[in-house]
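# Understanding the architecture of this molecule
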Amino acid sequence: MKNTFILFLLLLSGSIFGQMYNPVKWSTSVEKVSDKEYILKAKAVIQSGWHLYGQYIEEGGPSRTAFTFKNTTKKFELIGKTTEEKGHEVVDKIFDMKIKYFEDKALFTQKIKLASEIISSVDAEVEFMVCDDSNCLPPTTEELSFKIPNEKKLASAEETVAVKEDSASAKTEEKTIVQTEEKAIKPIVASPKKTESRGLLTIFILAFLSGFAALLTPCVFPMIPMTVSYFTKQSKTKATGIRNAMIYGFSIVIIYVLLGSIVTAVFGADSLNALSTNVWFNLVFFILLVVFACSFLGAFEIVLPSSLANKVDSQADRGGLIGIFFMALALAIVSFSCTGPIVGTLLVEAASKGGIAPIVGMLGFSIAIALPFSLFAAFPGWLNALPKSGGWLNTVKVVLGFLELALAFKFLSNADLVLQLHWLERETFLAIWIAVFGMLAFYLFGKITLPHDSPLNHISVGRLSFGLIVLSFTIYLIPGLWGAPLRLISGFPPPMQYSESPNGLGVSSNSELKITGSLPEGAEHGPQNIITFHDYDKGMEYAKKVGKPVLLDFTGYACVNCRKMEELVWSDPKVLEVLNNDVVLISLYVDDKKELPESEQYISESTGKKIKTIGNKWSDLQIKTYKANAQPFYVIADHNSVNLTEPSAYNPNIKEYYGWLQSGIGKFKK
């Protein structure tokens with residue numbers, strides 16, 4: 001039972017790291033067709049593992065590649081549209097449309113006809129978007145120059161010209177560094193290898209624990225002694241029985257890893273369009289988990305067609321390696337009503353991380369399922385130590401249902417936070433969790449029964465112990481309704497300020513007016529009641545007025561690690577004293593969906609994307625200035641927007657974070 005609780009906590013945890021890339025290199029060439037007609041060629045060399053999208057993608061999909069030829073003086077005319085190579089076409093499940101992309105390289109051509117006068121070059125811009133299996137980069141704009149060959153060159157001559165790389169970044173740095181030569185902005189960059197390995201290890205451990213939980217369900221657990229006994233009795237020797245059981249377990253691994261490979265191929269890099277701050281992703285995931293929870297609680301069963309199970313089962317009688325493989329496939333199909341919701345949750349979570357995460361997830365899950373069959377085949381005497389099948393297996397299934405139901409509301413909360421609807425504020429969220437875990441405690445104590453439960457004459461020590469743990473956790477949640485910090489689950493409920501009583505229970509309306517009246521213009525009380533600005537310019541203006549450095553906090557409403565930092569690190573007395581007295585806090589929410597006034601909307605120099613919302617504006621500021629896009633992201637800067645020390649990302653070590661704050665403040669005072 002403890003493992004299911006650990007599974008729940010692990011499933012809630014996770015972090016997203018930023019990394020700046022430049023995976024596409026452009027070059028140009030020109031082919032002469034006639035005296036006045038030329039073909040302009042733009043070639044993209046794409047780093048291995050990345051995809052470049054085509055030009056002709058419907059609205060609502062990823063940003064397509066687009067060429068703009070600068071022809072203000074009408075020295076030439078375009079003949080037809082810009083053409084592109086065949087590429088790869090797939091039906092994307094997320095965007096629900098056909099999408100074309102290129103791997104390794106791509107060639108785009110545009111035919112032009114010159115006017116009477118001779119020109120030496122044609123300038124153009126290309127806006128494009130690329131993705132790999134774990135990142136989707138914002139749309140980027142590159143400048144291209146096509147050198148027109150003169151009459152002395154051969155008609156078919158080509159001239160390759162290096163593209164002006166990172167021009168937008170260079171302009172940004174020029175604007176930023178004019179204040180001083182010594183103080184330069186140092187972008188923080190996460191190590192891709194460390195980040196990838198850390199994320200995959202988390203997925204593997206989570207999946208292994210999920211597989212262990214699935215193993216303890218009534219669809220899988222009874223199959224262990226039956227299957228192992230079959231192999232040991234049907235085999236002529238003990239060694240043959242062990243070998244067959246191990247092949248059986250290996251077949252289980254192959255089946256689930258194959259499933260993960262299919263998900264990887266289907267989702268690919270586009271899965272990152274469903275990041276944790278995406279409203280629709282969170283709503284869909286909420287609905288999925290509610291459906292899975294209802295299935296586990298006994299409302300219905302998610303089963304595959306019986307005809308499929310019968311066909312697979314008939315193949316299992318063939319014997320040999322093929323027969324053993326189909327026996328493993330039959331197990332996967334028959335147990336789908338129990339394993340399906342767990343596998344579905346794992347695959348959606350892993351697919352959102354991209355890359356080979358679904359494969360790694362299914363590897364961990366299948367190993368946990370397959371391991372007992374191999375071990376008990378090697379040591380059949382252990383079968384006597386296995387607990388007998390019974391009602392406790394359904395209890396495990398119901399417990400998983402309650403946990404999935406509680407987890408579902410985390411994703412609904414994310415959507416509410418991003419939209420700032422205030423429908424699921426902190427008190428409401430905690431009330432739902434108290435109700436869910438309270439009912440789980442009553443269920444474990446035998447006070448309520450659900451469909452498929454066996455008659456309960458007594459409560460086992462294990463069930464009583466786990467029931468007491470759940471009851472204790474429920475009681476622990478109750479003070480949160482009145483403002484208790486609840487550090488055990490910090491980062492998962494909505495933050496304290498996103499509640500009906502953001503200043504704490506018992507603060508009267510007059511008190512709130514008094515507190516608000518003492519705030520600087522444009523400020524409000526943020527996490528830990530720290531005076532916080534949400535507008536960069538107003539915060540900077542106030543910092544100059546009071547003579548303090550600025551702590552830039554790039555954050556998000558649905559950022560779990562941001563809430564952990566605010567509730568676990570910022571609440572430390574020493575850190576809190578610094579944040580209250582020694583810096584001016586400017587919290588910039590990159591997922592704020594409020595639209596900017598039309599007059600303030602613009603095209604980003606860094607990404608080429610139109611900046612429409614407040615969140616877009618702050619995200620663009622972070623990318624343009626610090627070459628990072630992960631949250632939380634902290635910068636200590638002076639009044640000229642020059643950072644005083646290397647930026648910091650998520651760091652739950654209070655001592656290190658406090659030292660980082662003191663380092664930046666110390667440099668400001670020099």
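For the structure itself, look to the data block above.
First, a word on what this report is: a plain description of the structure on this page.

As a further point, take the pattern of salt bridges. Side chains that differ in sign of charge can pair as their charged atoms come close. Under the criterion given, the structure shown has 6 salt bridges. Here Glu37 ties to Lys111 by a salt bridge, and the two come within 3.6 Å at their closest N and O atoms. Of this pair, Glu37 sits in strand β2 (residues 37-46) while Lys111 sits in strand β8 (residues 105-114), and the two are 74 residues apart along the sequence. Classification of Lys111 as partly exposed rests on a relative accessible area of 30%.

Strand pairing in a sheet takes place through backbone hydrogen bonds and is either antiparallel or parallel in direction. Reading across the sheet, the 5 strands line up as β13-β14-β16-β15-β19 and stay open at both edges, with mixed pairing between neighbours. The sheet is open, and its two edges are formed by β13 (523-525) and β19 (633-637), each paired on a single side. For this sheet, the mean inter-axis angle between neighbouring strands, taken without regard to orientation, is 35 degrees. The sheet contacts of helix α18 (residues 614-626) involve β15 (550-555), β16 (584-589) and β19, and relative to β15 the element is tilted by about 115 degrees.

Let us look at the nonpolar core. One finds Trp433, Phe437, Leu477 and Ile489 to be the most contacted residues of the largest nonpolar core, which totals 34 residues. At the level of secondary structure, the elements contributing two or more residues to this core comprise α6 (279-297), α11 (391-419), α12 (426-444) and α13 (461-477). Per element, the largest residue contribution to this core is 10 residues, and it comes from α12. Other than its neighbours up to four places away in sequence, Leu477 contacts Leu430, Trp433, Ile434, Phe437, Leu486 and Ile489. Among the nonpolar cores identified, the runner-up in size contains 33 residues, and Ile224, Tyr248, Phe365 and Ile369 belong to it.

Listed as buried for helix α15 (residues 536-546) are Tyr536, Gly539, Met540 and Ala543. Projected down its long axis, α15 carries its buried residues within an arc of 100 degrees, all on one side. Of the exposed residues in α15, those oriented more than 90 degrees away from the buried face are Asp537, Glu541 and Lys545. On the buried face of α15, the contacting elements are β14 (531-533), β15, β16 and α18.

The subject of this paragraph is the packing of α6 against α11. Remark: α6 packs on α11, axes separated minimally by 8 Å, with the N-to-C direction vectors making an angle of 165 degrees. When the axis of α6 is compared with that of α11, the two are roughly antiparallel. Handedness of the α6/α11 crossing: left-handed.

Before going further, it helps to examine helix α17 (residues 573-581). Here α17 has its buried residues at Val575, Leu576, Val578 and Leu579. In an axial view of α17, the angular spread of the buried residues amounts to 160 degrees, which keeps them on one side of the axis. Residues Pro573 and Glu577 are exposed on α17 and point more than 90 degrees away from its buried face. The N-terminus of α17 is capped by Asp572, whose side-chain oxygen sits 3.1 Å from the backbone nitrogen of Lys574.

Rules behind the numbers
- Residues numbered from 1 in each chain as written.
- Predicted model: local features only at pLDDT ≥ 70, side-chain atom pairs only at ≥ 80, totals over all residues.
- Heavy atoms only, no water.
- Salt bridge = Lys/Arg side-chain N within 4 Å of Asp/Glu carboxyl O.
- Helix = DSSP H or I, 4+ residues; strand = E, 2+ residues; numbered from the N terminus.
- Buried < 20%, exposed > 50% of the residue type's maximum accessible area, 1.4 Å probe, protein only.
- Pairing = 2+ DSSP bridges.
- Axes fitted to C-alpha atoms, helices over the stretch in contact; angles between N-to-C directions.
- Contact = heavy atoms within 4.5 Å.
- Core = buried A, V, L, I, M, F, W, Y, C linked by side-chain atoms within 4.5 Å.
- Arc of directions from axis to C-beta.
- Parallel < 35°, antiparallel > 145°, perpendicular 65-115°, else oblique.
- Left-handed = near helix turned anticlockwise from the far one by under 90°.
- Polar contact = N/O pair within 3.5 Å; in protein donor to acceptor, adjacent residues only side chain to side chain.

In short, geometric facts, not functional conclusions.
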